[in-house]
Amino acid sequence: MLKTALLILTLGDGGTTHMALSEADSLADCEGKAEAVEQILTGAGYTIQAMRCGQTDLDLTPYEHGYTEADMRWHYQVALNGISLEDGFTVRPVAPDACETGGEANAYCAISAQGPVTK
């Protein structure tokens, strides 16, 4: 089932891309969350690589604050649509070292502490 979510990509230690995914009630809710999160992250000194609101059927464990680098064990291939916040994204889990971006400007190999939900 598709749900609206906010995708956040930040620059981590050593140049890695960190990914967080947070569900939203609607596109308007997602855009509001993006604005708030951007202020918090930039105020805390994080570098935001990209943020997008979009529809996804990917179920991940909920985002929680305070992750360590050791928690970042899930790998994802991320493709961003367009250049605007509301243009959407595609995320799929990949095996470690199996992510390929093909040199695309809007493609990322990311790590996250949020793992796929097993049913």
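A count of helices and strands for the protein chain gives 1 helix and 6 strands. Reading the protein chain from its N end, one meets helices and strands in the order β-β-α-β-β-β-β. For the protein chain, whose C-alpha radius of gyration is 13 Å, the value lies close to the compact-globule estimate of 14 Å for 119 residues. Each of the three principal axes of the protein chain carries a C-alpha extent, and together these read 35 × 35 × 30 Å.

Before going further, it helps to spend a moment on the confidence of the model for the protein chain. The predicted model of the protein chain has a mean per-residue pLDDT of 92, with 98% of residues at 70 or higher. No element of the protein chain has a lower mean pLDDT than strand β2 (residues 17-23), at 95, and none a higher one than strand β3 (residues 48-56), at 97.

Here we take up the state of the cysteines. Tallied over the full model, the rule gives 2 disulfides. Here Cys 30 pairs with Cys 53 through a disulfide, and the sulfurs are 2.1 Å apart. In this structure the cystine formed by Cys 30 and Cys 53 twists about its S-S bond by roughly -95°; its chirality is therefore left-handed. Note that Cys 30 is positioned in helix α1 (residues 27-43) and Cys 53 in strand β3, a separation of 23 residues in sequence. Each of the two residues, Cys 30 as well as Cys 53, counts as buried. There is a disulfide in this structure between Cys 99 and Cys 109, and the S-S distance comes to 2.1 Å. Because the sign of the S-S torsion sets the handedness, a value of about -90° for the bond joining Cys 99 and Cys 109 places this disulfide among the left-handed ones. Taken together, the residues Cys 99 in the loop between β5 (89-94) and β6 (107-112) and Cys 109 in strand β6 connect sequence positions 10 residues apart.

Going through the model one piece at a time under the given rule, you end up with 1 salt bridge. One salt bridge in this structure joins Asp 59 and Lys 3, with 2.5 Å as the shortest N-O distance. Placement of the pair is Asp 59 in the loop between β3 and β4 (74-80) and Lys 3 in strand β1 (residues 3-11), with a sequence separation of 56 residues.

Attention now moves to the nonpolar core. In terms of nonpolar packing, the biggest core is built from 15 residues, with Leu 7, Leu 9, Met 19, Val 78, Leu 80 and Val 91 touching the most fellow members. When contributions to this core are tallied by element, the ones reaching two or more residues are β1, β2, β4, β5 and β6. When sequence neighbours within four positions are dropped, the list of residues in contact with Leu 7 reads Met 19, Ala 20, Leu 21, Ala 50, Met 51, Arg 52, Val 78, Leu 80, Phe 89 and Val 91. Ile 8, Ala 20, Ala 24 and Met 51 belong to the second-largest nonpolar core, a separate cluster that totals 9 residues.

All right, on to the side chain of Thr 17 then. Within the secondary structure, Thr 17 is located in strand β2. A distance of 2.9 Å separates the side chain of Thr 17 from the side chain of Gln 49, its partner in a polar contact. With residues near it in sequence (within four places) discarded, Thr 17 still touches Leu 9, Thr 10, Gln 49, Tyr 108, Cys 109, Ala 110 and Ile 111.

The rules behind each value
- Residue indices begin from 1 for each chain and proceed along its sequence in written order.
- Reporting of local features is limited, given that this is a predicted model, to residues whose pLDDT is at least 70; pairs of side-chain atoms are given and counted only at 80 or more, and all residues count toward the totals for whole chains, interfaces and linings.
- Based on all heavy atoms of the structure, the side-chain values leave hydrogens and waters out of the count.
- The numbering of helices and of strands both runs from the N terminus, where a helix is a DSSP run of H or I of at least 4 residues and a strand a run of E of at least 2.
- Between the two quantities, the radius of gyration covers C-alpha atoms and the globule rule is 2.2 Å times the number of residues to the power 0.38.
- One confidence number per residue, pLDDT, is output by the predictor and ranges from 0 to 100.
- Pairs of cysteine sulfur atoms within 2.5 Å are what we label disulfides.
- Relative accessible area decides the class of each residue, using a 1.4 Å probe on protein chains only: under 20% of the type maximum gives buried, over 50% gives exposed, and in between gives partly exposed.
- A carboxyl oxygen of Asp or Glu within 4 Å of a side-chain nitrogen of Lys or Arg is what we treat as a salt bridge.
- To form a nonpolar core, buried Ala, Val, Leu, Ile, Met, Phe, Trp, Tyr and Cys residues must be joined to one another through side-chain atoms within 4.5 Å.
- The contact criterion used throughout is that any non-hydrogen atoms of two residues lie within 4.5 Å.
- Side-chain atoms alone can form a polar contact between residues adjacent in sequence; in general such a contact is a pair of N or O atoms within 3.5 Å, and within protein one must be able to donate a hydrogen while the other accepts it.

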